[in-house]
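# Breakdown of the fold
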2 protein chains.
Amino acid sequence: MPDHDFRHELAQQLRVDSVRASDAGGSGHPTSSMSAADLMAVLLDGYLRLDYATPDNPANDHLIFSKGHASPLYYAMLKAAGAITDEELLSFRSFGSRLEGHPTPRIPPTDVATGSLGYGLPVGVGLALTGKRLDQLPYRVWVLCGDSEMAEGSIWEAFQHAGWAGLDNLTVIVDVNRLGQTRETMLGWDLDGYVARAEAFGWKAIAIDGHDVQAIDAALAQATSTTDRPTVIFARTHKGHGVKAVDDQPGKHGKPLEEPAEAIEELGGVRSLSVTVQTPRPGSPCRFSTDGGALPRWEIGEEVATRQAYGKALVELGGLRGDVVVLDGEVSNSTMSELFAKAHPDRYFEMFIAEQQMIAAAVGMQARNWVAFASTFGAFLTRAHDFVRMAAVSRADLRLCGSHAGVSIGEDGPSQMALEDIAMFRAIHGSTVLHPSDANQTAALVAEMATLPGISYLRTLRGKTPVRTSPDENIRVGGSRVLRSSSDDVLTIVACGITVSEAEKAADVLESSGIRVRVIDCYSLKPIDGDTLLAAAAETRAVLTVEDHWPEGGLGDAVLDALAQSSARPPVRKLAVGGMPVSGKPDELMHAAHIDAEAVVEAARQMLG
Amino acid sequence: MPDHDFRHELAQQLRVDSVRASDAGGSGHPTSSMSAADLMAVLLDGYLRLDYATPDNPANDHLIFSKGHASPLYYAMLKAAGAITDEELLSFRSFGSRLEGHPTPRIPPTDVATGSLGYGLPVGVGLALTGKRLDQLPYRVWVLCGDSEMAEGSIWEAFQHAGWAGLDNLTVIVDVNRLGQTRETMLGWDLDGYVARAEAFGWKAIAIDGHDVQAIDAALAQATSTTDRPTVIFARTHKGHGVKAVDDQPGKHGKPLEEPAEAIEELGGVRSLSVTVQTPRPGSPCRFSTDGGALPRWEIGEEVATRQAYGKALVELGGLRGDVVVLDGEVSNSTMSELFAKAHPDRYFEMFIAEQQMIAAAVGMQARNWVAFASTFGAFLTRAHDFVRMAAVSRADLRLCGSHAGVSIGEDGPSQMALEDIAMFRAIHGSTVLHPSDANQTAALVAEMATLPGISYLRTLRGKTPVRTSPDENIRVGGSRVLRSSSDDVLTIVACGITVSEAEKAADVLESSGIRVRVIDCYSLKPIDGDTLLAAAAETRAVLTVEDHWPEGGLGDAVLDALAQSSARPPVRKLAVGGMPVSGKPDELMHAAHIDAEAVVEAARQMLG
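Now for a quick tour of the structure. Not measured: the values here are computed from a predicted model.

## Quick notes on the relation of the copies chain A and chain B
- When chain A is brought onto chain B, the operation consists of a screw motion whose angular component is 180° and whose axial shift is 0.0 Å, with 0.0 Å RMSD remaining. Between the two chains, the operation in question is that of a two-fold axis. Within chain A, Gly-153 of chain A has its C-alpha nearest the rotation axis, a separation of 1.8 Å.
- Looking at chain A, 100% of its interface residues are interface residues in chain B too, so the copies touch through the same face.

Quick look at the structure:
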C-alpha cells in the first residue's frame, strides 16, 4: 500500500526545495513547480522505474519535463532520488552549474533539453515509439506538460501521432494550473474540455485533483494498466500551491518568492526525505540484423538526381548498420526515402505531414542511440526550425535531408523551393551542412553522416545531374572538388549543387575566349574547405560564387567567411536568387534568377573588367 | 431554390478544367482538385459573396485554398467566375503566368500564397478575427483544407484559437479524400473521428458526402446560420472523382492524367458555364480613432531596455495611427507589448503560446491593410519560420519583434536565447532586419517599421542599455551610428545591440594604449549601411565585428557581404557566440562567449599584430 503521508511530505519537500533553489538562483519558476509537486512526488515514489545511479541503463523509464521552466521541481526530484546533493541543488542557475534555468542533458538522466514549450511531449512520443518498435523494451515514457503549452500545435501533432500509433507506454501528466505567464489560459480549469480533446485524438484521458495524492496514485495506476492507447492525466492544480501569498495568484510567474523563509515555514520547513526509486527490470535493446552490402556506385556521366542517390545510399546503409532508422514527412516518394521504407520496413517511420513531430521523434530515437535520418522538402524543414534549434541544445545527433532545393525544382513555385535552408542550418550550433552535386558525392556523404556528431543536413536536388565524381574519390565533410585548375587561372568560380553544371558551362565559354578560370564544387558548406578556397584566392584575381539560394547565409557568405582573414583577399561577388521566383521550367527560373551559365559568364567578365 | 443540376454541371466543368490546366502545364494536382470540385461548385454558385471584378472591395468574402496544390480547381473557379479567360487558365505553371503551381497574390483576389500545408487555415483565422474585431464587416472567410494537412500542428492552433474566439464568420471545408501523397492518411475516411476532434475544440462540425450537391448545400446553409462558433464541414470525397482511371486510386497524386482526352470525355466534355457570383452588401471597414501623441523620448544617459522602448513606442504609434494593431504570444510582459495592450485593448490580440497562429493572424490582418506588429521571444520566432517564409511569398507587410536576444539574457539558458534570429530573418526575401542598441533608436525604428513594405524584424534586449542616441538624431533603416572616429583610426569595430557598450569599453582601453579605433553601431543589419562600412574599411587597417549571435548569418556576415567587392578589403574578424551557452549572469556569459570588451581588446591587439 502506498504511504500517502510520505508522498504528501515528499511533495512538500519538493515545494520547499523549489523555493530554495529559485531563491538561491535569484530567478526561476517556483510557482510553476509547486503546482506539480504532488504529481511528481507520487510518480517518483510509486511509478517511475529509473536507475538514477546508472542513467545509461537501456531499460530505464524516461521522464521529460516538457514544461522545462519547472526545472526547480525537476532538480528537487533529483535531490530526493539521491542523484544530486543539496549543495548542487542550490547552485541552480549559477554559472558552471549543471542545473541550468531549463533542464539540459548536462545533468543526467535528462534525455533532452526543454524550455521551448511544446517540444518535450513530441520527443516523448519519439521515445515511446523507440521503446515499442526499436529498443523493444518495456520502459515507460512520462511527460510533464504545462497547460499553457497545450496551445502549441506541436502538442497536437504529438497527440495525433501517439493516438494513431497506440503508444500505451506513454503517460502524459498535464499540470492544469490555469495561469499562464500573463493571464489565464484559453481553457482555464475546464478539464472536461481537455478530456474531450484528448479522447477525440484516441487517448485515454483522466481528470483529477492534482493535489490529491490518492487520486494521483489511482490515475497513474490506471495509466500503467491501460493498453492500446496512451494516457493523459489532466490534473487541476493551483500555481504556487501551498503558499498563500502565491497560491493561484496572478503576476507570480517566473520569479522567486518574495518571502522565501515564511513560505518554507508555511510548507512545514526544510525536509531531507530520500526516495528509493524503483529500478527497471533488466533488459537489452533490440538491434536489427544486417545483411551487409556496399554503398551504391554510379558511373561517371550517368544522370541521377541526388535525392535518388540519398534513397539508394540509405538502403545500403541500412544493410550495413542495424542501428540506422529513417523517418519522413509523407513525401518519401519525393525525398526518395521510400527506397529505405521498402527495403527495411521495420525501421521506417511514416510521420505524416507533421514536421515538428518528425524531428522530435528522431531526437527521441537518437537519445536511445539509434542513428536517425529524417527527410522532407528542404522548404518544409523551416516548419521545424525551433525543433532543430532545441535538438542542438539537446546535444542531439541528427541526420536531416531536405530535398527540392531552390528554383531548380521548376513549376511547383516558391512555396516548395528551399531557398533559406542553408542559412537556417549553418546557424545551428555544431551543425554540418552538405550540398552534393552528384550521386556519388551524395552516397559518400550519407555514409559519413551516420557517424557525425551534432546536427547534419544534406540538401538534395529534384532534377538529375551528371555524375562527375568517381565513386572511389575521397569525398568528405570539409572537402571540396576542384573541377578545373591551372596556374593561369584569373578567376575562381565556387558553386554547389545544381550550379556546378552552370559553372562548368560558363568556364567553357570563358576559356573559349582565353579566360582561364578555376571551378570549385563546394559540396561541404559547413565546415567549408578553407584551404582550397584560400589557395584559389591567392592564385586568382577574383572569386565568384553562384548558388540556388537567397543571397544571405548560403554559399557566398560561407566563402566570404572563409576568406575574411586571409592575406590574399580578392573581391568576391555572389550570384544568388535575388527576386521572388515564380513557376516555370528549371532553366527558365535559373535564368531569371541570374544563376545560370550566362549570368556567371556576364558576372565574370564584369569582375575581370 | 438552388439548381442542383447546374451545380453538378459546374462541378464537372471545374473537373474538366482542372484536367485541362494540368495537362497544359505538364504538371500539377488534378486528382486533388477533382475531389473538391462539387464542394467548390456549390460554394461558388450559392454562398460566396465575392466581387471578382473588384478584388479590393472591403466587404468581399475571402476564400483561401489551404490545400494550395488544388490550384487547378482554384483557377477553374476563377474562370467560371469570369475573372480569367480560358486562355489564361491554360497558361497554368508556365513562366510568366499569374497562375503559379500554388496560388499567390499575383492573381487577385488571392489574399495569401499557399502551398505549405497547414498555413492557409491559420491565415483564415486571422482574416476572420479581422472581420470581427477590426474591419467589423460581415464578410465570411471560407477555407478549403486537405485532409493530409490535418496532421500539421498549425491546423490545431487554428482550431483552438477560432473555437476560443467564437469565429462564426469562418467556415472550413475539409476535403477528406483519404489519400495523401504516398498513402492513406492517419484517419482515412473516419469522419466521426474528425467531427469529434473539431467539436472538442468548440466548433460546429458537419459530416457529409462531398459529392452530393444537395448535402453540400445543406451543410453550407447550416454553416452560415451557425452563430457563436466556427463551422467545419468534413466532406467524404474520392480523390480523382469522376474519372475511373484515377478515382480513389493510389499513386495518382501530383501528376497530370495520363489520358486527358478520355478523362474529359468521361466527365462529359468541355463546358463553358459561367457563374454570377453574389456580390457582398456594401460596407466600409472600421478605423479606430486616434488621440495624437508623439514618439517617446529618452535623455542621453538613461538606462532603458530596448524591449521597454518597443512597448512605449507602440503605445504612441497606436495613438498616432488608427490602423496599428498588436499581437503577442502570451509573453507580453516580457516583450513589453503589454503596454500597448493596456493603452489600446481593442487593438491588441492575445495569441497565447501558438507562434504559428500568431504570425498567420498578423498575415490575415495585413491582407486587409491593418498594420500588424507581432512579438514574442526572438528564439520562439523560429517556431514560425515557415510561416514567415510563406508570408514573404504572400507579399505580406509584417512587423515582427523578437525580444531576449542572445546570451545577454542570462540565467534562463540557451532555450530562451535568440542566437539564430538575425540569420533567419536576413534570409527572408525582401526583409528588413534591425537591432537597436538603445531606446531612442528603438522608437525611431518602430515608427519607420509602420510604413515599411515586406517583413521587418526588430531584435530587442532583455537588459537595460544606456541611451547614447539623441531622440532628434536621424535614425533610419539602412543607417548606422559612428560612435567614434578620427583620421588616425587603425581599426574599425562594428557592433550592434548589447555589444555596442562592449565595443565602446574596448575602444577606451585601446585608446589608452595609443590605438585609435573607429566604433560603428550597426543598428540596421539589412539593409546595412554600406557607405559607412566602406569608408571605414578604406580608412582603417582591419575590421572587427562583435555580436551576441551565432557566427553564421549575423552581423559579421552582413559586414563581410557589404565589403566583399570594395576596393579596400581589410581583414575582417568576427567575434560571435561560438560555444553552446549555459546559465549564468549576463556578464559571465558575454565573457564566456568571448564577446565582451576584454575579448574585443584581445582580438584587436591580435589583428593589429
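## Description of the interface of chain A and chain B
- On the chain B side, the residues contacting the 98 residues of chain A number 98 residues.
- Of all residues in chain A, Phe-95, Met-186 and Arg-383 of chain A give up the largest surface area on contact with chain B, accounting jointly for 10% of the area buried on that side.
- In this assembly, chain A and chain B are joined by twelve salt bridges.
- Where Arg-426 of chain A meets Asp-557 of chain B, a salt bridge forms, and the shortest distance between an N and an O atom there is 3.8 Å.
- Summed over the shared surface of chain A and chain B, the number is 58 residue pairs in polar contact (both at pLDDT 80 or more).

## Some words on the pairing of strand E19 (residues 572-575) of chain A
- With four bridges connecting them, strand E18 (residues 542-546) of chain A and E19 of chain A associate as parallel partners. What sits directly across from Val-546 of chain A, in E19 of chain A, is Leu-575 of chain A.

## Regarding the sheet that holds strand E15 (residues 491-495) of chain B
All names here are of chain B.
- Strand order in the open sheet made by the five strands is E14-E16-E15-E18-E19, with mixed pairing throughout. Each of the sheet's edge strands pairs with one partner strand only, and the pair in question is strand E14 (481-484) and strand E19 (572-575). Across the sheet, the mean angle from the axis of one strand to that of its neighbour is 25°, orientation sign disregarded.
- Note that E15 and strand E16 (residues 517-521) share five bridges and pair parallel.

## As for empty space enclosed by the protein
- The final tally for this structure, using the stated rule, is twelve cavities of 30 Å³ or more.
- There is about 150 Å³ of room inside the largest cavity.
- Elements with a contribution of two residues or more to the lining of the largest cavity: helix H20 (555-563) of chain A together with helix H20 (555-563) of chain B.

## Describing the packing of helix H18 (residues 499-512) of chain B against helix H22 (residues 597-607) of chain B
Residue and element names in this part refer to chain B.
- One can describe the packing of H18 onto H22 by two numbers: an axis separation of 8 Å at closest approach and a directional angle of 50°. As far as their axial angle goes, H22 and H18 are oblique. Read as a crossing pair, H18 and H22 show a hand that is right-handed. Contacts between H18 and H22 pair Glu-502, Lys-505, Ala-506, Val-509 and Leu-510 from the former with Ala-597, Val-600, Val-601, Ala-604 and Arg-605 from the latter.

Calculation notes
- Residues numbered from 1 in each chain as written.
- Chains lettered and ligands numbered in written order.
- Predicted model: local features only at pLDDT ≥ 70, side-chain atom pairs only at ≥ 80, totals over all residues.
- Heavy atoms only, no water.
- Least-squares fit on C-alpha atoms with pLDDT ≥ 70 in both.
- Contact = heavy atoms within 4.5 Å.
- Buried area = accessible area lost by both parts, 1.4 Å probe.
- Salt bridge = Lys/Arg side-chain N within 4 Å of Asp/Glu carboxyl O.
- Polar contact = N/O pair within 3.5 Å; in protein donor to acceptor, adjacent residues only side chain to side chain.
- Pairing = 2+ DSSP bridges.
- Helix = DSSP H or I, 4+ residues; strand = E, 2+ residues; numbered from the N terminus.
- Axes fitted to C-alpha atoms, helices over the stretch in contact; angles between N-to-C directions.
- 1 Å grid on protein atoms, 1.4 Å probe; cavity = no way out; pocket = protein on both sides within 12 Å on 5 of 7 lines; lining within 4 Å.
- Points joined across faces, edges and corners; volume = space filled by probe spheres on them.
- Parallel < 35°, antiparallel > 145°, perpendicular 65-115°, else oblique.
- Left-handed = near helix turned anticlockwise from the far one by under 90°.

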